[in-house]
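Structural features, examined
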There are 2 protein chains.
Amino acid sequence: MTNADQPQIDSKKKRVVVLGTGWAGTSFLKNLDTTLYDVNIISPRNYFAFTPLLPSVTCGTVEARSVVEPIRNIIGKRKGDSTFWEAKCVKIDAKGKKVHCLSDQDVNSELKEFTVDYDYLVIALGAQVNTFNTPGVVENCHFLKEVEDAQKIRRSVIDCFERASLPTLSEDGKVKTLHFVIVGGGPTGVEFVAQLHDFVSEDLVKVYPDVKDLVKITLLEAGDHILNMFDKRITAFAEEKFHRDGIEVKTGSMVFEVNDEAISIKDRSSGAVSSIPYGMIVWSTGIGTRPVIMDFMHQISQTNRRVLATDEWLRVDGCDDVYAIGDCATINQRKVMEDIMEIFNKADADKSGTLTVKEFQDVIDDVCERYPQVELYLKNKRLKSIVDLLKDSKGNRERESIELDIEEFKNSLSEVDSQMKSLPATAQVAAQQGLYLARCFNRMKEAEENPEGPLRFRGTGRHRFHPFRYKHLGQFAPLGGEQTAAQLPGDWVSIGHSTQWLWYSVYASKQVSWRTRVLVISDWIRRFVFGRDSSRI
Amino acid sequence: MTNADQPQIDSKKKRVVVLGTGWAGTSFLKNLDTTLYDVNIISPRNYFAFTPLLPSVTCGTVEARSVVEPIRNIIGKRKGDSTFWEAKCVKIDAKGKKVHCLSDQDVNSELKEFTVDYDYLVIALGAQVNTFNTPGVVENCHFLKEVEDAQKIRRSVIDCFERASLPTLSEDGKVKTLHFVIVGGGPTGVEFVAQLHDFVSEDLVKVYPDVKDLVKITLLEAGDHILNMFDKRITAFAEEKFHRDGIEVKTGSMVFEVNDEAISIKDRSSGAVSSIPYGMIVWSTGIGTRPVIMDFMHQISQTNRRVLATDEWLRVDGCDDVYAIGDCATINQRKVMEDIMEIFNKADADKSGTLTVKEFQDVIDDVCERYPQVELYLKNKRLKSIVDLLKDSKGNRERESIELDIEEFKNSLSEVDSQMKSLPATAQVAAQQGLYLARCFNRMKEAEENPEGPLRFRGTGRHRFHPFRYKHLGQFAPLGGEQTAAQLPGDWVSIGHSTQWLWYSVYASKQVSWRTRVLVISDWIRRFVFGRDSSRI
């Protein structure tokens, strides 16, 4: 192992090492003031991929190259010195403040490994596919996480059609070969099903007229409904549309084994077991933690958790100067009940042992900012302010005269923590975290002197920064046939062709560069004019 | 091995099996009247690739998908029944009139093999890379024949730049990694060198500023000059341009070994041996015969030849109903001297034993058509007609009174065969052969009754068809920096920026479909606006 010859451009600058070039890492890099730090990016992919378009890549609606942007282009446009190294992080050494990296490149083995020191580490490594240790999945299924996965799926779909067209296959063999199975009814699985159905019914039927009637698409979902994170109206619409399209949706189906011929499922309600021959499987059931993160969690004694935990400022719990953003981590939101004594004491300005409404009013904003579950709870209970909560617990008295002791205070807030939920593993969350963290890094010095965050209930003074707060902008579920469902903030649901156009405009505007924007739009136009290509490339 | 269940759509129709979907096969298919035959196409590639743009694909000037068109789209547009099977022909059984095929698909092994019967077989399998059995070439070099090769080269170029950017490499290691070696100074090698130089100097220098000065490109050519099939002016221009661009052109260099670190060359004139470290090698030295063709040649006793021979009507010598077009075959032009007795006898209408000019005049057109070398010889000798040749051999007499015996006749034509040369292995030749053969197939019945070809000098009557005649339309040699050299018919040479525009328009117009035309042109525009992409995809 060699220690990297690390250039000391400006010894005063702190060295920031960023692991990963996905949504979180790229968003961080795009917004970081790179003149303030000596920035070092390490990732096995030298590009950023616009992953929401991966399902479109699987069927050639959009080309692979149109959804990627070289990370060097992105950092090249920023001032200051940033270095990118194409390598995989294999070990994070939190004690030694360094990361161990391995180049995938075909060079002499002693040159493959190197270590990089950091002052601040930003972990944005993302997650890996979760097979739930189902036997045969890794060997026989396609995944849909990387651009290469999407390209492989595309080739594989065409392969199935070519295989079914060969003269050697029996009718049964053709039916088996043209049976496409998708495991997982989340947004990715559903969008892939929709794309595949469009690809087959709009393009491949013309090219493979002999076998077009043998195609079957099955969507397996372990839960009771597909798209279960969406509004019920969207779920119902999607299930009905797929039914009309001839796509079989099997809910309540647990996959317990896959071999090279068939996929074995168990019906959750009846317990019936069946084995279905398939031509191709796409596995899209959720995400798991990468081994390097697991190893890191062991080092920092986060052994009982399944996912790396950060505080509300995206710092890794128990590990200063290390931040984690995107799918590789979750925010461990502090419970009100854990700090209830400290909140009471801080609020009880006159140290009388009881809390008046006036006293509490002074810390309300800080409480709400520090514990966002309080606001969520109030909203769900349709209460205007936290004072109403205190009022409720003391009966219908005059506001000003309310006075609570610690037990009463505890009581009034006892339900609040039930409202905590972790953020979804989406591009939107990752991008917002990257942006948030970059802004913190940009204001590190100022915030040290003039902290802008909420009161520290344990300890003195204020937190340096406002904690990270996710702003949900809505989510799309493209359903094929130029129809999309969207769930927008405020539970506003929109389904149909007009939403598809909204989808086109949002995805075009969210592109990371003008180059990819032009490419993606021209891909869409090309598809409308010429259809999708069926070459085995 | 299973025998294909062959559909008998119309038992009267003869079954034509076409092997290959390259230039020759596709040109044949595009022009064949598919209502007349039961057509069956077999190829491991389900698409046609516009190979002259492959060097552009290596550096992302044009995308891989823009140069391919699914063969099913091409045959789908034709009337009649054509079937495509994605498989590799592994054996041609000329006696049994069938071909043995193997599917690349990942199916049960007993389903992989099948045989197909034919009435007519059209072999358009192309050629393979020729390594001249140089040790280490297959293991360490890139080739540039297939679309996948071009994609691999593209990834490999980016890999070299990423590797050179790693902190573990020494300065020497970086220099080695960024040394790109191209073996073979033919049109493909030269165009790749030009593309690579443009890619590096126009795009990569911006993205990899730290290592840009370490890049070196070397072109190795065994002969005395690069582009030696072109006019001397073009060769000189190209060599001088490359010199100006800092590309090292080593002529007279024979490669005798390649290992994973260095390429070993021998200087032909001095005999000096040297070993050059490299980062990447592209091997582009010419073509060799595929094993399946070799095996077929053994069966039909073409054992002493290196390439499959056809007659002037593209029929395989010694094998009726089998035709071979494109790079997999060469035309074995019949020599005048082989048939000199028969020509004399046929021409000597009054059987006097001597030939008068009048008698000869009657067969002149047939001789010239049957033996194109005659016209070539006359052209080179600046003679107006073959009669002048006879005249010359008898001294300066009156034309009408010339009378030759067989020895004199032989004498006068003795030099003619020296003019024979085989056709180059280009897309142009292959496409013209495909078109020619399709037209013959389309008129098979009519020509049987009313033969349209030249006199049969051996045998009676006329040949069914005019023999194939290649019409050279010129050749381009793109040299980078928006400059191209072109050698047009009549030795017209054009070099420079205007020729690049000619190149753009010719290549755009030659595209096989409107889809690929639009894609290629938009790729060119995209490159002008945004440059080439450097993502490792």
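Keep in mind that what you see is a predicted model, and the values were worked out from it rather than measured. (Residues numbered from 1 in each chain as written. Chains lettered and ligands numbered in written order. Predicted model: local features only at pLDDT ≥ 70, side-chain atom pairs only at ≥ 80, totals over all residues. Heavy atoms only, no water.)

The next thing to look at is the overall build of chain A. Counting its regular elements, chain A contains 20 helices and 27 strands. Relative to the compact-globule value of 24 Å for 537 residues, chain A shows a C-alpha radius of gyration of 26 Å, a close match. Of all 537 residues assigned to chain A, the portion counted as buried reaches 55%. Counting contacts in chain A only where the partners sit at least 6 residues apart, residues at least 24 apart contribute 64% of the total. Roughly 23700 Å² of accessible area belongs to chain A as shown, and the carbon and sulfur atoms make up 49% of that amount. Here chain A contributes 70 positively and 76 negatively charged side chains, and the mean placements of these two sets differ by 2 Å. (Helix = DSSP H or I, 4+ residues; strand = E, 2+ residues; numbered from the N terminus. Rg over C-alpha atoms; globule rule 2.2 N^0.38 Å. Buried < 20%, exposed > 50% of the residue type's maximum accessible area, 1.4 Å probe, protein only. Contact = heavy atoms within 4.5 Å. Areas by Shrake-Rupley, 256 points an atom, 1.4 Å probe, with all protein chains shown as cover. Lys, Arg positive; Asp, Glu negative; His and termini not counted. Charge placed at Lys NZ, Arg CZ, Asp CG, Glu CD.)

Another aspect to go through is the sheet that holds strand 21 (residues 322-324) of chain A. All names here are of chain A. Across the sheet, five strands lie side by side as 6-3-2-10-21; this open sheet has parallel pairing. Where the open sheet ends on each side, the last strands, each with one partner, are strand 6 (82-86) and strand 21. Across the sheet, the mean angle from the axis of one strand to that of its neighbour is 15°, orientation sign disregarded. Relative to strand 6, strand 3 (residues 37-43) is paired through five bridges, and the arrangement is parallel. Paired with I42 across the two strands is W85, which belongs to strand 6. (Pairing = 2+ DSSP bridges. Axes fitted to C-alpha atoms, helices over the stretch in contact; angles between N-to-C directions.)

Further remarks concern the relation of the copies chain B and chain A. Of the two same-sequence chains, chain B is brought onto chain A (RMSD 0.0 Å, axial shift 0.0 Å) by a rotation of 180°. Given the turn and translation reported, the copies of this chain are related as if by a two-fold rotation axis. It is B:S522 whose C-alpha, among those of chain B, lies nearest the rotation axis, at 4.5 Å. Interface overlap between copies is the fraction of interface residues in one copy that are interface residues in the other; for chain B against chain A it reaches 100%, indicating a shared surface. (Least-squares fit on C-alpha atoms with pLDDT ≥ 70 in both.)

Here the focus is the environment of A:I537. Mapped onto the elements, A:I537 comes out in the segment after helix 20 (514-530). Contacts of A:I537, omitting those with residues within four sequence positions, involve A:R155, B:Y47, B:A64, B:R65, B:V68, B:V147, B:E148 and B:Q151.

Moving on, we get to the interface of chain B and chain A. Contacts between the two partners involve 51 residues from chain B, matched on the other side by 51 residues from chain A. Summed over both partners, the interface of chain B with chain A comes to about 4400 Å²; 59% of that surface belongs to carbon and sulfur atoms. Broken down residue by residue, the surface that chain B buries against chain A is led by B:R65, B:R72 and B:I537, which jointly contribute 17%. Of the charged contacts, one joins A:R65 and B:E63 as a salt bridge, the two residues approaching to 3.0 Å between their closest N and O atoms. Between the two partners, chain B and chain A, sit 16 residue pairs in polar contact (both at pLDDT 80 or more). Ranked by residue count, the leading element in the side of chain B that touches chain A is helix 6 (residues 147-165) of chain B, at nine residues. Residue composition of the side of chain B that touches chain A, grouped by class: 22 nonpolar, 11 polar and 18 charged. (Buried area = accessible area lost by both parts, 1.4 Å probe. Salt bridge = Lys/Arg side-chain N within 4 Å of Asp/Glu carboxyl O. Polar contact = N/O pair within 3.5 Å; in protein donor to acceptor, adjacent residues only side chain to side chain. Nonpolar A, V, L, I, M, F, W, Y, C, P; charged D, E, K, R; others polar.)

For the rest of this paragraph, the subject is the pairing of strand 26 (residues 483-488) of chain B. Every other side chain in a regular strand lies on the same face of the sheet, so the side chains alternate between the two faces. Residues and elements named next belong to chain B. Of all six residues that make up strand 26, six are buried, and the element is covered over most of its length. Burial along strand 26 is two-sided: the face carrying Q483, A485 and Q487 and the face carrying T484, A486 and L488 are both buried. Alignment of strand 25 (residues 475-480) against strand 26, held across five bridges, turns out to be antiparallel. Note that in strand 26 the partner of Q475 across the bridge is Q487. If you look at the hairpin formed by strand 25 and strand 26, you'll find two residues sitting between the two strands, and G481 has a positive phi there, around 60°.

As enumerated under the stated definition, the model contains 45 aromatic pairs over all chains in all. Ring pairing ties together the aromatic residues A:W23, A:F48, A:F50, A:F476, A:W501, A:W503, A:Y504, A:Y507, A:W524 and A:F528, which thus form one cluster. Lying over the aromatic face of B:Y371, B:R370 brings its terminal NZ or CZ to 5.5 Å of the ring centre. Above the face of the B:F528 ring, B:R527 is positioned so that its terminal group lies 4.7 Å from the ring centre. (Phe/Tyr/Trp six-rings, centres within 6.5 Å; stacked < 30°, edge-to-face > 60°. Lys NZ or Arg CZ within 6 Å of the ring centre and 35° of its normal.)

This next bit is on a positive patch on the surface. Residues A:K152, A:R155, B:K152 and B:R155 make up a contiguous surface patch of positive charge. Of all the secondary structure elements, the ones that give two or more residues to the positive patch are helix 6 (147-164) of chain A together with helix 6 of chain B. Relative to the helices and strands, A:K152 is located in helix 6. Relative accessible area serves as the criterion here: at 45%, A:K152 is assigned to the partly exposed category. (Patch = residues over 30% accessible without salt bridge, like charges linked within 9 Å, V, L, I, M, F, W, Y side chains within 5 Å.)

Another aspect to go through is a nonpolar patch on the surface. Residues and elements named next belong to chain A. Taken together, the side chains of W501, I521, I525, F528 and V529 define a hydrophobic patch exposed on the protein surface, amounting to about 520 Å² of accessible area. Counting residues per element, the nonpolar patch draws most heavily on helix 20, at four residues. If you trace the backbone, I525 turns up in helix 20. For I525, a relative accessible area of 49% gives the class partly exposed.

Our focus in this paragraph is the pattern of salt bridges. Inspection of the entire model under this criterion finds 64 salt bridges over all chains. We note a salt bridge from A:E69 to A:R515, for which the minimum N-O separation is 3.1 Å. Residue A:E69 is found in strand 5 (residues 68-70), and its partner A:R515 is found in helix 20; the two are separated by 446 residues along the sequence. An identical accessibility class is assigned to A:E69 and A:R515; each is buried. The closest approach of N and O atoms between B:E63 and B:R526, which form a salt bridge, is 3.4 Å. Remark: B:R526 occurs in helix 19 (residues 514-530) and B:E63 occurs in the loop between helix 2 (54-58) and strand 5 (68-70); sequence separation between them is 463 residues. Where salt bridges share partners, they join A:E63, A:R154, A:D523, A:R526, A:D533, B:R65, B:E69 and B:R515 into one cluster.

Bring the parts together and some accessible area is lost; that lost area is often taken as the interface size. According to the domain assignment, chain A consists of domain 1 (3-128 + 288-331 + 425-449), domain 2 (137-287) and domain 3 (333-419). Computed over C-alpha atoms only, the centres of domain 2 of chain A and domain 3 of chain A are separated by 51 Å. (Domains from an automatic or database assignment.)

In this section: the sheet that holds strand 13 (residues 216-221) of chain B. Residue and element names in this part refer to chain B. Ordered in space as 14-13-12-18, the four strands form an open sheet in which the pairing is parallel. Of all strands in the sheet, those with a lone pairing partner are strand 14 (248-251) and strand 18 (280-283), marking the two edges. Each strand axis lies, on average, 15° off the axis of its neighbour in the sheet, ignoring direction. Bridging between strand 13 and strand 14 involves four bridges; their strand directions are parallel. Looking across to strand 14, one finds that E221 is bridged to T251. Taken strand by strand, helix 6 contacts strand 12 (179-183) and strand 18, and its axis lies near 160° from that of strand 18.

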